[in-house]
Amino acid sequence: MVFTERKSLGAAQVSIGIQALAAAVSVVAAVALPQILHVVGAGFGLGSTLGEMLLPMHLPIILVGLLAGPWAGAAAGFLAPLVSFGLTAMPGRAMLPFIVIELCAYGLVAGLLRTSSMPNLGKVVIVQISGRAIRAAAILLAVMVLGVSSVSVSVIWTSISVGVFGLALQWVLIPAILRWVVKQDVR
């Protein structure tokens, strides 16, 4: 990667090619990680529970936004659930638009916070709250205004309560990965 700043990703410029590559790698990771967890979960008789708990699609999308910027993050967040659905039929058709909206928001907000001087943990928490709030608003709009009956408003709280371990895991992993990237002094 070509960064123009020492020891910090803050204001470093990332080329369009690197942004595109980062987004593509993020999409692959966001499709592969859930599948790995589903296989492991199936082996332990848990089905898709591990994926619902650990939120594996979120991690690469937030990371690409924080590392490569808002456009790479938003593109990866938009494409990852669509590619996953096309290849694996997951996430389910009813939730697909809401997950696209949520992950796109994660990537965009993470990218917008990329140059912020706040601690990485603060960035992750803001990204998580923003993405979940935007997803909740989209679900409420779909159910209450548009009359969509294939999704229940209760899915908002259920996804937060089931995914709390995954949210906490992101608080640890994402700042650690970002510190590692900065220590690599990638230029």
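Residues numbered from 1 in each chain as written. Predicted model: local features only at pLDDT ≥ 70, side-chain atom pairs only at ≥ 80, totals over all residues. Heavy atoms only, no water.

K.L.:
Explain the environment of A80 here, please?
P.N.:
By the secondary structure assignment, A80 is in helix α4 (residues 70-88). Taking the relative accessible area as the measure of exposure, A80 reaches 0% and is therefore buried. Distance in space between the C-alpha atoms of A80 and I99 is 9.5 Å, their sequence separation being 19 residues. Here A80 is in contact with V27, A30, V31, M57 and I61, once residues within four sequence places are set aside. (Helix = DSSP H or I, 4+ residues; strand = E, 2+ residues; numbered from the N terminus. Buried < 20%, exposed > 50% of the residue type's maximum accessible area, 1.4 Å probe, protein only. Contact = heavy atoms within 4.5 Å.)

K.L.:
Got a minute to help me understand the environment of P119 in this structure?
P.N.:
In this fold, P119 is placed in the loop between α5 (96-113) and α6 (120-145). Of the residues examined, P119 reaches a relative accessible area of 59% and is grouped as exposed. Here the alpha-carbon distance between P119 and L178, two residues 59 residues apart in the chain, equals 11 Å.

K.L.:
Just to check I follow, could you spell out the pattern of salt bridges for this structure?
P.N.:
Pairs can form between side chains of opposite charge whenever their charged atoms are close. One pass over the full model with this rule turns up two salt bridges. With a shortest N-O distance of 2.6 Å, E102 and R132 are connected by a salt bridge. Of this pair, E102 sits in helix α5 while R132 sits in helix α6, and the two are 30 residues apart along the sequence. Judged by its relative accessible area of 10%, R132 falls in the buried class. For E102, the salt bridge identified is with R135, shortest N-O distance 3.5 Å. Here the residue E102 occupies a position in helix α5, and R135 occupies one in helix α6, the gap between them amounting to 33 residues. Classification of E102 as buried rests on a relative accessible area of 2%. With relative accessibility at 7%, the residue R135 sits in the buried group. Here the salt bridges share partners, and the residues they tie into one network are E102, R132 and R135. (Salt bridge = Lys/Arg side-chain N within 4 Å of Asp/Glu carboxyl O.)

K.L.:
I'm lost on the packing of helix α1 (residues 16-43) against α4 in this one. Help?
P.N.:
Pairs of packed helices are described in terms of their axes, by the angle between the two and the distance that separates them. Following both chains from N to C, one finds α1 and α4 inclined at 40°, their axes separated by 8 Å at the closest point. Regarding the angle of α1 to α4, the classification is oblique. The handedness of the crossing between α1 and α4 is right-handed. Residues Q19, A23, S26, V27, A30, V31 and Q35 of α1 form the contact with α4, whose participating residues are W71, A72, A76, L79, A80, V83, S84, L87 and T88. (Axes fitted to C-alpha atoms, helices over the stretch in contact; angles between N-to-C directions. Parallel < 35°, antiparallel > 145°, perpendicular 65-115°, else oblique. Left-handed = near helix turned anticlockwise from the far one by under 90°.)

K.L.:
For this particular structure, what's the right way to read unusual backbone geometry?
P.N.:
The bulk of non-glycine residues show a negative phi, and the bulk of peptide bonds are trans. Of note, the bond from M90 into P91 is cis; its omega dihedral lies within 30 degrees of zero at 0°. Assignment of secondary structure puts P91 in the loop between α4 and α5. Its identity is not glycine, yet L55 carries a phi of approximately 50°, on the positive side. The residue L55 is located in the loop between α2 (49-54) and α3 (58-68) in this model.

K.L.:
Hey, could you run me through helix α8 (residues 164-183) in this one?
P.N.:
Two residues of an α-helix separated by three or four positions point the same way, owing to the 3.6 residues in each turn. With 20 residues, α8 should reach 28 Å at 1.5 Å per residue; the first-to-last C-alpha distance of 29 Å fits that figure. Residues of α8 that are buried include every one of G166, L167, Q170, I174, P175, L178 and V181, and no others. For α8, the elements touching its buried residues are α2, α3 and α6. (Expected span 1.5 Å × (residues − 1).)

K.L.:
Looking at this model, I keep getting lost on the packing of α5 against α6. Mind explaining?
P.N.:
Interhelical geometry of α5 versus α6 gives an angle of 150° and a closest axis separation of 8 Å. The angle between the axes of α5 and α6 places the two elements in the roughly antiparallel class. Crossing of α5 against α6: the hand is right-handed. The residues of α6 that touch α5, namely those facing F98, I101, E102, A105, Y106, V109, A110 and L113, are K123, I126, V127, Q128, S130, G131, R132, I134, R135, A138, I139 and A142.

Everything listed here is a matter of geometry and, on its own, says nothing about what the molecule does.
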